[in-house]
Amino acid sequence: MPNLFSTVTSNPVAKAVGKQLGLPQPVTLRRGRDLPTGDVVLGTAPVGAAGGIVADALAALGVPAVEALRDDPAARTTDDEGRARPPAYEQRIGAVVVDATAATTIADLEAVRALLRPALKGMGTCGRVVLVGTAPELTDATESAATQQALEGIVRSVGKELRAGATANLVWTAPGSTGADLASTLSFLLEGRSAYVSGQPWRVGTAPEGAAVPADSPFDGRVVVVTGAARGIGADIARVFARDGAKVVVVDIPASGEALGKVANEIGGTALQLDITATGAGDRIADHVTHRYGPDARIHAIVHNAGITRDKLLVNTDEDRWGSVLDVNLAAQFRINEVLLDKGRAGGLAEDGRVVGVASTSGVAGNRGQSNYAASKAGVIGLVRALAPQVADRGITVNAVAPGFIETEMTGKIPLATREFARRFNSLQQGGKPVDVAETIAYLAAPTSGAVNGQVIRVCGQSQIGA
Ligand code: NAD
């Protein structure tokens, strides 16, 4: 549905007025599996470091990389007025990837600057800046840790400087990570699937048995369960998994049964009418899986998307408002996980399965009138971080996404002025789409993302209020 802001920014006259008023002009983001238009350029920091992992990952993905230009004094040219100019790309570039895994000294950061300066000038629409480092806590010297942490400051700032739908993110690897461990994450970051993810770091470790190159149909024949799938983000999560080959079980409350059935029919999945807070909800899900997909069927991924809001200032929040939100958004996830993670449970999670929780930027930054909701969503983050290491030796990963402002019925209920502010106040200057959240969840749930565990990825366009 058109909103005030998109009306203002798509009508030519209103657009001109909007420009005069200084309103941001959002671009249409590149979505889906397309790579950016233009070369992917690759550089290492420090200069001459024996790059390996990033080059290996790009090679595994079949993405050719061109050597990045550097803004070194010797490489500068002088213009007609005698001013020194950094080297410039002849054509627009699609992405700059910097392998800074070997950066251990503060002086090494200069190479990051030297690589980014020409690249930012030459970046095309919906371009990508990807820094790859080594997790600060896994380095063995104070200066190394400081240097690696400094990369976060760079991507968070560059993300705010970029325009035209471009994003900047940081991946911290572990000392034992390989190109195969990184490939799934790098392809997500370069492709349009990561359209609404910017300005943040996350960690890639090592996959239990080595990760493979992402396939076009990564969930072929695998069972994926999505809660709260009758509408909004959940319906799009179900669509994306079905697109990528999964047999999807869509779950929602009986009152949404009709809409749920439509989603199931549309994607060739099966519907389970279930209130996830009901006693025995986890068993109902597992029983549905064996009943519909056979006695040996296991769940590849469970996506805990169902959620509710009951907003009020804390001074006006009674135990019902508090309890219902905590129960749907957090306690139900916890209880269902306990059942599905039981090794002996027929229809439970497969040994290389995936658990993905849906948190919120409210759970990271808090929000006025949402102490119950923010508690539940921060709780999801805590749950994910605690559970991930407990199941890692089974090849299971547990991660979460934290959406910011996504255009759905839930955010459609926010009062107009607040809604326009929330929609715009991020580096991409627009609200995200449900598919942006869905693509990020599908990346985390991919069989090839086994090296990504215990992470929380915000899908918020680098919200300036959400984190
Ligand atoms: P929505 O209200 O449009 O859809 C939520 C779905 O969950 C509905 O179909 C609802 O019937 C279902 N549901 C609610 N309680 C349930 C229960 N007890 N059992 C089974 N199903 C239940 O919401 P949405 O905007 O699509 O949000 C989806 C998720 O994303 C939620 O967890 C929400 O908190 C989170 N989120 C949304 C945004 C946003 O901007 N829309 C931002 C951050 C986080």
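Because the structure is predicted, anything quoted here is derived from the model rather than measured.

A.B. asks: Help me understand the packing of helix α4 (residues 109–121) against helix α5 (residues 142–161), please; the structure alone is not making it clear to me.
C.D. replies: How two helices sit against one another is set out by the angle between their axes and by the gap between those axes. Contact pair α4 / α5: the axes reach a minimum separation of 11 Å and the direction vectors enclose 20°. By the angle between their axes, α4 is roughly parallel relative to α5. Between α4 and α5 the crossing geometry is right-handed. Listed contacts from α5 to Leu109, Val112, Leu116 and Leu120 of α4 are Thr147, Ala150, Leu151, Ile154 and Val158. Split into classes, the residues belonging to the contact of α4 with α5 amount to eight nonpolar, one polar and no charged.

A.B. asks: For this particular structure, what's the right way to read empty space enclosed by the protein?
C.D. replies: To locate leftover empty space, one rolls a probe as large as a water molecule over the atoms. The tally for this structure, following the rule as stated, stands at two cavities of 30 Å³ or more. Counted as a void, the second largest cavity has a volume near 30 Å³. Around the second largest cavity, the lining residues are Thr227, Ile276, His304, Asn305, Ala306, Ala332, Gln333 and Ile336. A per-element tally of the lining of the second largest cavity places helix α10 (residues 319–340) first, with three residues. The class makeup of the residues in the lining of the second largest cavity is four nonpolar, four polar and no charged.

A.B. asks: Please clarify how the pairing of strand β15 (residues 456–459) should be interpreted in this entry.
C.D. replies: Regular strands place their side chains on alternate faces of the sheet. Burial along β15 is two-sided: the face carrying Val456 and Arg458 and the face carrying Ile457 and Val459 are both buried. Bridge count for strand β14 (residues 397–403) against β15 is four bridges, and the pairing is parallel. Across the sheet, the residue bridging to valine 401 is isoleucine 457, located in β15.

A.B. asks: In this structure, what is going on with the sheet that holds strand β8 (residues 200–204)? I would like to understand it.
C.D. replies: What links the strands of a sheet is backbone hydrogen bonding, and the strands pair in either a parallel or an antiparallel sense. Strand order in the open sheet made by the six strands is β2-β1-β5-β6-β7-β8, with parallel pairing throughout. Because the sheet does not close on itself, it has two edges, and the strands there are β2 (65–67) and β8. On average, adjacent strands in this sheet sit at an angle of 25° to one another, irrespective of strand direction. Relative to strand β5 (residues 93–99), strand β1 (residues 39–44) is paired through six bridges, and the arrangement is parallel. Each residue of the ladder has a partner; that of glycine 43, found in β5, is valine 98. Contacting β1, β2, β5, β6 (123–134) and β7 (167–173), helix α3 (residues 53–61) runs over the sheet at an angle of about 160° to β1.

A.B. asks: I would appreciate a short explanation of the domain arrangement of the protein chain in the present structure.
C.D. replies: A common way to state how big an interface is: give the accessible area lost once the parts meet. Taken as a whole, the protein chain is organised into domain 1 (39–204) and domain 2 (223–459). Its C-alpha centre places domain 1 at a distance of 32 Å from the equivalent point of domain 2. Tallying the contact residues gives 20 residues for domain 1 and 22 residues for domain 2. Both sides of the domain 1 and domain 2 interface together cover about 1800 Å² of buried area, and 54% of this is carbon and sulfur. Its largest share of buried area at the contact with domain 2, domain 1 owes to Arg193, Tyr196 and Gln200, together 39% of the area lost on that side. Between the two partners, domain 1 and domain 2, sit zero salt bridges. If you look at where domain 1 meets domain 2, you find eight residue pairs in polar contact (both at pLDDT 80 or more). Taken together, the elements giving at least two residues each to the side of domain 1 that touches domain 2 come down to α5, α6 (179–190) and β8. Residues belonging to the side of domain 1 that touches domain 2 are distributed by class as follows: seven nonpolar, seven polar and six charged.

Criteria and thresholds
Residues numbered from 1 in each chain as written. Predicted model: local features only at pLDDT ≥ 70, side-chain atom pairs only at ≥ 80, totals over all residues. Heavy atoms only, no water. Axes fitted to C-alpha atoms, helices over the stretch in contact; angles between N-to-C directions. Helix = DSSP H or I, 4+ residues; strand = E, 2+ residues; numbered from the N terminus. Parallel < 35°, antiparallel > 145°, perpendicular 65-115°, else oblique. Left-handed = near helix turned anticlockwise from the far one by under 90°. Contact = heavy atoms within 4.5 Å. Nonpolar A, V, L, I, M, F, W, Y, C, P; charged D, E, K, R; others polar. 1 Å grid on protein atoms, 1.4 Å probe; cavity = no way out; pocket = protein on both sides within 12 Å on 5 of 7 lines; lining within 4 Å. Points joined across faces, edges and corners; volume = space filled by probe spheres on them. Buried < 20%, exposed > 50% of the residue type's maximum accessible area, 1.4 Å probe, protein only. Pairing = 2+ DSSP bridges. Domains from an automatic or database assignment. Buried area = accessible area lost by both parts, 1.4 Å probe. Salt bridge = Lys/Arg side-chain N within 4 Å of Asp/Glu carboxyl O. Polar contact = N/O pair within 3.5 Å; in protein donor to acceptor, adjacent residues only side chain to side chain.

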